[in-house]
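Fold and contact review
The lines below spell out each chain.
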Amino acid sequence: MDETQFWEIVDSTREAAGGDPEDHADLLVERLAQLDPEAVIDFARHFETRFIRAFRWDLWGAADIMLGGADEESFDYFRCWLIAQGRHVFEGALHSPDDLAFLLTDFDADTDGDAEDVGYAADEAYEQLTGVRLPDLGLPLQDRPEGEPLDFDEESAMAARFPQLWSRFT
């Protein structure tokens, strides 16, 4: 599975789900379960690579503003949600997290920004196909976010760093 196929699966299942993260996860599992186990591993590797790429202080700061606070667990779920938004939003957010203010036309902190189940879709599909757990993907672990740490409680610094998000979400 190449990157284009990965994003096609993400996009088509998100559109079919109407953007609902729980429905998206269910449809993603159904779609992946139609593939062979190696393709599911490839999908998981693409997903996890992007999950790791998004482990950055600036994206965590954006999530903190958008969600009204983001601990480590909620930032993990936010990163799953960000990938689930598709290539355009994901790559745009990596380029400039503040651009999420206009990359997303609708955002409801109560229902959006949390796609934990999307993050487990490949695991679930692989287990359905094989009866065993998804094998280790062999990707490097990252114990600290990339970039300069941010103090999320420093409102003036956060407003200056993320002016568009600050204006829209606070």
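By convention here, each chain's residues receive numbers from 1 onward along its written sequence. For this predicted model, a pLDDT threshold of at least 70 governs which residues receive local features, and a threshold of 80 or more governs which side-chain atom pairs are given and counted, while totals over whole chains, interfaces and linings are taken from all residues. Note: side-chain values were computed over all heavy atoms of the structure, leaving out hydrogens and water.

Along the protein chain, the regular secondary structure elements total 11 helices and zero strands. Reading the secondary structure of the protein chain in the N-to-C direction produces α-α-α-α-α-α-α-α-α-α-α. For the radius of gyration, the atoms used are the C-alpha atoms, and the globule rule reads 2.2 Å times the number of residues raised to 0.38. Computed over C-alpha atoms, the radius of gyration of the protein chain comes to 16 Å, within 12% of the 15 Å expected from 2.2 N^0.38 for 170 residues, which places it in the range of a compact globule. Burial statistics for the protein chain: of 170 residues in total, 45% are counted as buried. Secondary structure counts use DSSP, requiring at least four H or I residues in a row for a helix and at least two E residues in a row for a strand, with both numbered from the N terminus. A 1.4 Å probe rolled over the protein chains alone gives each residue an accessible area, and that area as a share of the maximum for its type sets the label: buried under 20%, exposed over 50%, partly exposed in between.

Formed by 53 residues in total, the largest nonpolar core has its most connected members in Leu32, Phe43, Met66, Phe78, Leu82, Leu100 and Leu165. Each residue touching leucine 165, except ones within four places of it in the same chain, is listed here: Ala62, Ile65, Met66, Pro97, Asp98, Leu100, Ala101 and Thr170. To form a nonpolar core, buried Ala, Val, Leu, Ile, Met, Phe, Trp, Tyr and Cys residues must be joined to one another through side-chain atoms within 4.5 Å. The contact definition used throughout considers only heavy atoms, calling two residues in contact when any of these lie within 4.5 Å.

Here a pair means two rings of Phe, Tyr or Trp (six-membered ring of Trp) with centres within 6.5 Å. Their orientation is stacked below 30 degrees between planes, edge-to-face above 60, and tilted elsewhere. All told, the structure shown has 13 aromatic pairs when counted by the stated rule. Ring plane angle 35° and centroid distance 5.5 Å describe the contact between phenylalanine 78 and tryptophan 81, whose orientation is recorded as tilted. With phenylalanine 78 and tryptophan 81 both in helix H5 (residues 72-84) and three residues apart, the pair spans about one turn of that helix. The class of phenylalanine 78 is buried, set by a relative accessible area of 0%. Chaining the aromatic ring pairs together yields one cluster made of Phe55, Trp57, Trp60, Phe75, Phe78, Trp81, Phe107, Phe152 and Phe169. Here, a charge over a ring means that NZ of Lys or CZ of Arg falls within 6 Å of the ring centre while also lying within 35 degrees of the ring normal. Arginine 79 extends its terminal NZ or CZ atom over the ring of phenylalanine 51, reaching a point 3.7 Å from the ring centre. Residue placement shows arginine 161 over the ring face of phenylalanine 162; its charged tip is 4.8 Å from the ring centre.

To continue, consider the pattern of salt bridges. A carboxyl oxygen of Asp or Glu within 4 Å of a side-chain nitrogen of Lys or Arg is what we treat as a salt bridge. Tallying each qualifying case throughout the model produces nine salt bridges. A salt bridge links glutamate 8 to arginine 31, with the nearest nitrogen and oxygen atoms 2.7 Å apart. Linking glutamate 8 in helix H1 (residues 3-16) with arginine 31 in helix H2 (residues 21-32), this pair joins segments that are 23 residues apart in sequence. Judged by its relative accessible area of 39%, glutamate 8 falls in the partly exposed class. Residue classification places arginine 31 among the partly exposed positions, given a relative accessible area of 26%. In this structure, the salt-bridge partner of arginine 56 is aspartate 58, at a minimum N-O distance of 2.7 Å. For the pair formed by arginine 56 and aspartate 58, the shared burial category is buried. Through salt bridges with shared partners, a single ionic network connects Glu3, Arg50 and Arg87.

What follows covers helix H9 (residues 121-130). If you check which residues of H9 are buried, you get Ala121, Ala122, Ala125 and Tyr126. Taken around the axis of H9, the buried residues stretch over an arc of 125°, which confines them to a single face. Looking at the packing, one finds that the buried side of H9 touches H2, helix H3 (37-53) and helix H8 (116-119). Where H9 terminates, the next one or two residues include glycine 131, which has phi positive at roughly 80°. Each C-beta atom gives one direction from the helix axis, and the arc is the one those directions make.

The next point concerns the environment of tryptophan 166. For tryptophan 166, the position within the fold is in helix H11 (residues 163-169). Along the sequence, tryptophan 166 and arginine 79 sit 87 residues apart, while their C-alpha atoms lie 19 Å from each other. Not counting chain neighbours up to four residues away, the residues in contact with tryptophan 166 comprise Ile65, Glu155, Met158 and Ala159.

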